[in-house]
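A look at the structure
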Amino acid sequence: MFDQLFIGGLATGCVYAVVGLGFTLVYRTLRMVNFAQGHVFMAGAFLGLVIAERVHLPALPLLFVVGAVAFALGMVLERLVFRRLYHNHEVFIVGSIGLGIVLMNGVRVFFPEPVPFPKVFGSEVVQIGAARFQEGYLWVVLSTLVLVVLLHAMFTYTRTGRALRAVAADAEIAATVGVDVKRAIALTFGLSFAVAAIAGVLIGPLYFVSFDMGDMVGLKAFSAAVFGGINSIPGTILGGLVIGVLENLAGGYISSAYKDLVAFVILLVMLIWRPTGLLGRETPVKV
Amino acid sequence: MKMRKLIGAITVAGSVAIAVSAQAQDIKLGVVAGMSGPGTSYGIGIRQGAEMAVREINAAGGIKGRKISLVVVDDASNPAQSVTAMQRLVNDQVDLVVGGWGSSQVLANMEVAERAGLPYIVVGATNPKITTEKNKWTFRVIFTDSVQAEQIADAAVRRLGMKRIAVIHDANDYGVGNRDIFVASLKKIGLDPVAVVPYQSADKDFTAQLSRIREANPDGLAIFGTIPAAPAIMNQARDLGIKARFIGTGGLANENLMTLAPKASEGTVLTTYFHEDVDPQARAWADRYVKEFSGGSQPPRPVLAAWEYRAVKFIAVPCIESSGTDKEKLRQCIGRWKGTLFSVPGDAYFDKTGQLVQQSVLVEVGKGAFQAFKGK
Amino acid sequence: MAALHQRWWFWAATLAALLALPALAPQYVVHIANFILIYTLPVVGLGFLTGFTGRVSLAQGALFGVGAYTTALLTTKLGWAPVATLVPSVLMTIVLAVSLGGAAVRLAGLYFVMATIGIQQIVWLVLMNWIELTNGPQGVRSIPAVGLGEYSLETPQQFYFLALVAAGISYFLAKRVIGSRLGLFLRALSDDQLAASSVAVEVGRAKVTALALSAAWAGAGGFLYAHYVRFIHPDMFGLEPSVLFLVMSMFGGYRSIEGMIVATALLESATEYLRPFGEFRMIAYGMILLLGMMFFPMGILTLVRRRAGAPAAGKD
């Protein structure tokens with residue numbers, strides 16, 4: 001039973017981690033929380049569905065196409081919508097909640113009921129020890145790994161990546177040394193949309209896709225980001241995995257009624273004990 | 001300035017309410033259900049059933065020359081909005097209400113109907129507490145959780161020969177209500193469930209719950225939940241290697257079960273509220289219904305549509321015909337009602353709590369559709 | 001706006017309109033008005049927190065629920081008279097808010113928001129799953145109406161006056177609190193974090209006080225809600241109302257109680273006047289929030305103020 005719970009939790013944890021990355025990327029750059037993130041994840045899953053139903057794409061190209069389209073959408077929405085919400089974090093919270101409601105109910109018009117997702121990652125059942133699970137779980141874990149390596153490489157070795165990091169560290173200083181801050185912010189939104197959408201496609205074939213699938217995942221991913229450190233990419237990944245595994249273990253061994261409680265208790269305790277999260281660096285202003 | 005805005009907002013709300021009310025001579029039939037939110041597919045079925053019945057009655061000349069006009073209010077499948085929705089029907093002076101989806105919503109809005117003295121025939125909610133002797137004005141046509149859960153417990157042991165039964169249930173009122181009665185009924189027969197685990201309605205991943213169930217090695221798994229959790233549980237249970245046969249109650253009685261769990265749902269035995277193949281009239285009605293409502297944004301869902309249709313056409317309309325629209329007389333007439341309905345074997349009648357007593361229907365999933373259960 | 005406030009005839013007309021409403025308007029409109037009046041309480045409560053400490057909370061819906069559940073359980077399970085449960089409901093809400101959020105309210109703004117999301121979800125999950133105490137997903141039904149002697153407030157019209165009085169009292173109390181030393185102190189604090197931090201010890205206590213005040217208002221609102229709707233369910237107190245309350249407290253304009261009340265009226269009736277949008281209703285609602293924040297980030301009342309020539313309220 002432990003194997004099963006652990007591996008299942010790991011896969012769910014990967015999804016929390018990847019969606020959580022979207023929160024982290026935006027937070028690092030703007031010190032804002034995008035509450036539409038969970039719904040972007042949902043919209044990404046539907047984007048994947050619409051593409052997969054029309055064009056017969058193998059798994060990898062599908063992930064790439066969805067990521068690219070979501071990236072572009074993120075840039076466009078930054079220009080049209082988010083840019084007008086940077087006044088303070090309250091305005092950003094309410095505005096992004098509004099955007100989330102629009103996204104969710106917009107998708108609901110076309111897909112009022114849950115729909116099965118094509119099994120793009122295969123439907124074989126794999127057995128490891130006493131645990132049995134779909135091939136798709138392996139895809140989730142491996143893709144997360146690849147995504148993290150790619151992001152890390154981009155932030156460390158490319159010019160754009162370094163520019164983004166500079167803006168995240170201090171936008172004013174970055175601007176004085178010639179970084180295009182506006183472009184960096186737009187790119188950040190593009191990236192955060194892309195990772196969330198990819199997570200949506202990864203999870204789609206394992207469960208069904210439905211317009212409300214982003215609600216809980218968004219909140220858990222957010223908890224994961226805070227737990228690991230909302231300004232730290234490795235922290236968010238760690239946070240996602242820990243929450244995914246812990247809640248599955250709690251659900252299996254303690255009480256499945258209170259399974260969801262795990263993420264939120266962790267969130268609250270962590271914030272009070274160490275607001276920067278496990279691996280976060282910056283100390284928040286304590287007044 | 002702020003006052004002007006406030007009054008503006010209220011006038012808009014008010015004028016919308018007035019715009020809906022129809023000519024005074026018409027008989028006004030209120031329908032409340034979730035036509036947006038999680039209950040959308042059920043709520044739309046209810047609306048379609050009402051539309052179909054009203055259209056037929058009006059085409060045949062109405063009730064003693066009076067036409068029926070429908071007042072449909074969406075409660076967004078939300079208990080708080082459901083109260084407002086029912087208040088709106090009271091305000092529009094409807095003569096009676098036939099509808100309601102979701103136990104939480106009905107438990108909330110029936111309080112309004114009870115206080116206003118408005119006859120209310122509930123179509124889509126199964127919580128036993130809806131029909132008690134305290135609730136004078138509320139009736140219900142579909143089975144309660146208790147009847148269904150009792151029946152499926154009996155069928156599981158006596159007809160399907162299950163010996164090790166596990167239970168997985170939604171932590172909402174539907175799931176908890178079913179679980180309580182089911183477990184009690186099993187104990188009466190002399191069986192203890194081997195595992196009982198809850199989940200939350202919004203859960204997607206059931207590995208934690210199903211791992212516990214797999215440890216218990218059941219031969220039957222009762223699922224008390226709705227779409228999309230129930231088919232997800234079935235798929236994941238099979239992936240985990242759980243071979244137990246699935247059983248359940250009305251929450252599973254939705255065609256989407258087979259769309260979402262095409263392989264895993266095969267062989268599931270459940271109680272349902274309606275089945276086409278019980279008698280020829282039911283089949284004829286279902287064909288007509290599917291033909292009329294295909295092609296919309298929602299695929300036709302006959303189960304609750306059938307109840308709404310029958311409640312309007314065979315219970316509400318004859319009562320208005322004999323007793324008029326006086327609410328007290330109408331209430332008494334509905335309470336005394338006894339008769340036959342298609343797809344229900346034998347006579348049906350309301351007991352003193354306002355619950356329609358009837359024989360239920362057992363079905364099995366086979367070849368991607370609900371078939372009348374042919375087992376022993 | 002300011003000039004308008006000082007005119008006696010403005011107040012007289014407002015009062016007359018409010019008093020005449022139940023006699024003139026259809027019952028359904030009175031019903032909506034009741035919800036608006038009830039929601040005024042948690043929203044004004046939230047205003048204390050947001051306007052005077054710069055903290056935004058997404059747990060007000062849960063606190064509202066704690067008030068509602070306390071009175072519902074005391075009246076239905078222990079048979080208390082509704083009037084007797086007002087004080088326990090408010091106290092219970094304060095105790096819970098301070099014990100769960102007392103440590104978090106000292107955190108910087110955005111971290112506090114994060115913490116309140118956790119609080120919101122924890123309270124909701126407990127209401128849903130602690131079945132022995134709360135009835136869980138079955139909800140609590142048959143909550144008695146508030147009675148005044150022989151007279152019981154059953155219909156929307158009867159309840160209206162109670163709601164109006166409650167909203168009125170909370171409005172004037174809120175005005176008093178803002179004008180008090182504590183209010184000035186809290187405002188100074190959110191205007192200038194640095195200056196405020198020089199009196200650090202008192203700051204912490206003042207923030208907890210603001211939290212307790214906002215919880216008290218939420219608890220009183222929950223009390224009214226339970227005795228008006230007379231059926232409560234955990235889903236009525238999830239993240240959705242918390243978001244709604246937060247939006248209501250911001251949408252009208254920072255630190256303006258009048259703005260909050262206008263926003264509450266506009267947004268609570270939104271679900272009704274947006275009905276013509278049919279299945280696009282919620283999309284329209286989301287658009288209102290999004291566009292409102294994009295174009296009037298300091299609240300919709302800034303539109304009025306700008307026209308009146310007064311400078312918009314300061315931002316924090």
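Residues numbered from 1 in each chain as written. Chains lettered and ligands numbered in written order. Predicted model: local features only at pLDDT ≥ 70, side-chain atom pairs only at ≥ 80, totals over all residues.

Counting its secondary structure elements, chain A contains eleven helices and four strands. Over its C-alpha atoms chain A spans a radius of gyration of 18 Å, differing by no more than 12% from the 19 Å that the globule rule assigns to 287 residues. Considering only C-alpha atoms, chain A reaches an extent of 55 × 45 × 35 Å along its principal axes. Among the 287 residues that make up chain A, the fraction classed as buried is 61%. Here the contacts in chain A between residues at least 6 apart in sequence split such that 76% fall between residues at least 24 apart. (Helix = DSSP H or I, 4+ residues; strand = E, 2+ residues; numbered from the N terminus. Rg over C-alpha atoms; globule rule 2.2 N^0.38 Å. Buried ≥ 20, exposed ≤ 12 C-beta atoms within 10 Å, placed from the backbone. Contact = placed C-beta atoms within 7 Å.)

It is worth spelling out the overall build of chain B at this point. Summing up its helical and strand segments, chain B has twelve helices and 15 strands in all. Taken against the 2.2 N^0.38 rule, which gives 21 Å for 376 residues, the C-alpha radius of gyration of chain B at 21 Å falls within 12% of a compact globule. Considering only C-alpha atoms, chain B reaches an extent of 65 × 55 × 45 Å along its principal axes. For chain B, the share of sequence-separated contacts (at least 6 apart) that also reach a separation of at least 24 residues comes to 67%.

In a beta sheet, neighbouring strands pair by backbone hydrogen bonds and run either parallel or antiparallel. Residues and elements named next belong to chain B. Strand order in the open sheet formed by seven strands is β7-β6-β8-β9-β10-β14-β15, with mixed pairing between adjacent strands. In this open sheet, the two edge strands, each paired with only one partner strand, are β7 (195-199) and β15 (369-372). Geometrically, the sheet is characterised by an average inter-axis angle of 30° between neighbouring strands, direction not taken into account. Examined bridge by bridge, strand β6 (residues 165-170) and β7 share five bridges and lie parallel to one another. Across the sheet, A166 pairs through a bridge with A195, a residue of β7. On the sheet, helix α5 (residues 145-159) packs against β6, β8 (220-224), β9 (245-248), β10 (269-272) and β14 (361-366) and is oriented at approximately 150° with respect to β10. Seen against the sheet, helix α6 (residues 173-189) touches β6, β7 and β8 and runs at an angle of roughly 160° to β6. (Pairing = 2+ DSSP bridges. Axes fitted to C-alpha atoms, helices over the stretch in contact; angles between N-to-C directions.)

Before going further, it helps to spend a moment on the confidence of the model for chain B. Mean pLDDT over chain B: 85, with 92% of residues reaching 70 or higher. As scored by the predictor, the complex reaches a pTM of 0.84 and an ipTM of 0.85. (pLDDT = per-residue confidence, 0-100.)

As a further point, take the interface of chain C and chain A. The partner chain A presents 38 residues to the 41 residues of chain C that form the contact. If you list the elements that add at least two residues to the side of chain C that touches chain A, you get α6 (109-129), α10 (193-197), α12 (239-251) and α15 (281-295) of chain C. Of the residues forming the side of chain C that touches chain A, the biggest block, 13 residues, is contributed by α6(C). For the side of chain C that touches chain A, a count of residues per class yields 30 nonpolar, seven polar and four charged. (Nonpolar A, V, L, I, M, F, W, Y, C, P; charged D, E, K, R; others polar.)

On to the nonpolar core, then. In terms of nonpolar packing, the biggest core is built from 334 residues, with I198(A), L29(B), V98(B) and I121(B) touching the most fellow members. If you tally residues by element for this core, the top one is helix α3 (residues 27-53) of chain C, at 16 residues. Mapped onto the domain boundaries, this core takes at least three residues apiece from domain 1 (2-142 + 281-358) and domain 2 (146-272) of chain B. Once residues within four sequence positions are removed from consideration, V98(B) is found in contact with L29(B), V31(B), A50(B), I121(B), V123(B), E308(B), A311(B), V312(B) and A316(B). (Core = buried A, V, L, I, M, F, W, Y, C linked by C-beta atoms within 7 Å. Domains from an automatic or database assignment.)

Residues and elements named next belong to chain B. By the assigned domains, chain B splits into domain 1 (2-142 + 281-358) and domain 2 (146-272). Distance between the C-alpha centres of domain 1 and domain 2: 30 Å. Here the side of domain 1 that touches domain 2 is composed, by residue class, of two nonpolar, four polar and one charged.

Bringing the pairing of strand β4 (residues 120-124) of chain B into the picture now. Residue and element names in this part refer to chain B. Summarising burial for β4: five of the five residues are buried, a large majority. Pairing of strand β3 (residues 96-101) with β4, which is carried by four bridges, proceeds in the parallel orientation. Residue pairing in the sheet places V97 in a bridge with Y120 of β4. Pairing of β4 with strand β5 (residues 138-140), which is carried by three bridges, proceeds in the parallel orientation. Note on β5: the bridge partner recorded for V122 is R140.

Let us now look at helix α5 (residues 135-157) of chain A. Since the α-helix turns once every 3.6 residues, residues separated by three or four places project in the same direction. All names here are of chain A. For α5, which comprises 23 residues, the first-to-last C-alpha distance of 33 Å matches the rise-based estimate of 33 Å (1.5 Å per residue) to within 8%. Taken together, the buried positions of α5 are occupied by G136, Y137, W139, V140, S143, T144 and L147. Residues of α5 that are buried make contact with α1 (2-30), α3 (59-80), β3 (131-134) and α8 (181-203). (Expected span 1.5 Å × (residues − 1).)

Quick look at α12(C) now. Its 13 residues give α12(C) an end-to-end C-alpha distance of 18 Å, which sits within 8% of 18 Å, the value for a rise of 1.5 Å per residue. Of all 13 residues making up α12(C), eleven are buried, and the element is well covered by its neighbours.

Moving on: unusual backbone geometry. Along the chain, I227(B) connects to P228(B) via a cis peptide bond; the corresponding omega equals 5°. Looking at the element boundaries, P228(B) is found in the loop between β8 and α8 (229-239). The phi angle at R31(A) is positive, at roughly 55°, despite the residue not being glycine. Its place among the elements puts R31(A) in the loop between α1 and α2 (37-54). Overall, the presence of 20 C-beta atoms within 10 Å leaves R31(A) in the buried class. With phi around 70°, N135(C) is a residue other than glycine that occupies positive phi space. With respect to the helices, strands and loops of the structure, N135(C) is situated in the loop between α7 (131-134) and β1 (147-148).

Residues and elements named next belong to chain B. With respect to topology, three strands assemble into an open sheet ordered β11-β12-β13, the strand pairing being antiparallel. Strands with a single pairing partner mark the edges of an open sheet, and in this sheet they are β11 (338-339) and β13 (356-357). Pairing of β11 with strand β12 (residues 348-350) involves two bridges; the strand directions are antiparallel. Counterpart to G339 in the pairing with β12 is A348.

This part covers the environment of A84(C). Residues and elements named next belong to chain C. Note that A84 resides in the loop between α4 (60-77) and α5 (86-101). When the 11 C-beta atoms within 10 Å are taken as the criterion, A84 is described as exposed. Between the alpha carbons of A84 and L74 there is a distance of 9.3 Å; along the sequence they are ten residues apart.

Residues and elements named next belong to chain A. The N-to-C vectors of helix α6 (residues 159-169) and α8 enclose an angle of 100°; their axes lie 9 Å apart at closest approach. Accordingly, the angle class assigned to the pair α6 and α8 is roughly perpendicular. Side by side, α6 and α8 meet where T160, A163, L164 and V167 of the first sit next to V181, A184, L187 and T188 of the second. Its residues assigned to classes, the contact of α6 with α8 comprises six nonpolar, two polar and no charged. (Parallel < 35°, antiparallel > 145°, perpendicular 65-115°, else oblique.)

Within the fold, A153(A) resides in helix α5. Separated by 108 residues in sequence, A153(A) and L261(A) have C-alpha atoms that sit 35 Å apart.

This prediction gives chain A a mean pLDDT of 86; 98% of its residues lie at or above 70. For residues 283-287 of chain A, every residue scores under 50 in pLDDT, and the model assigns this stretch 15 contacts once sequence neighbours within four places are set aside.

Turning next to the packing of α2(A) against α8(A). All names here are of chain A. The interhelical angle for the contact between α2 and α8, taken along N-to-C directions, is 55°, at an axis separation of 7 Å. Comparing the axis directions of α2 and α8 gives the class oblique. Crossing geometry of α2 relative to α8 is assigned as right-handed. Of the residues in α8, those touching α2 at Q37, V40, F41, M42, G44, A45, L47 and G48 are F193, A196, A197, I198, A199, G200, V201 and I203. Among the residues making up the contact of α2 with α8, the classes are represented as twelve nonpolar, four polar and no charged. (Left-handed = near helix turned anticlockwise from the far one by under 90°.)

Let us look at the pairing of β3(B). Residues and elements named next belong to chain B. Counting buried residues in β3 gives six out of six residues, a clear majority hidden from the surface. The pairing of strand β1 (residues 27-33) with β3 spans two bridges and is parallel. When the bridges of β3 are listed, L29 appears paired with L96. The parallel pair β3 and β4, bridged by helix α4 (residues 103-116), forms a crossover whose chirality is right-handed. (Right-handed = clockwise from strand over helix to strand, strands pointing away.)

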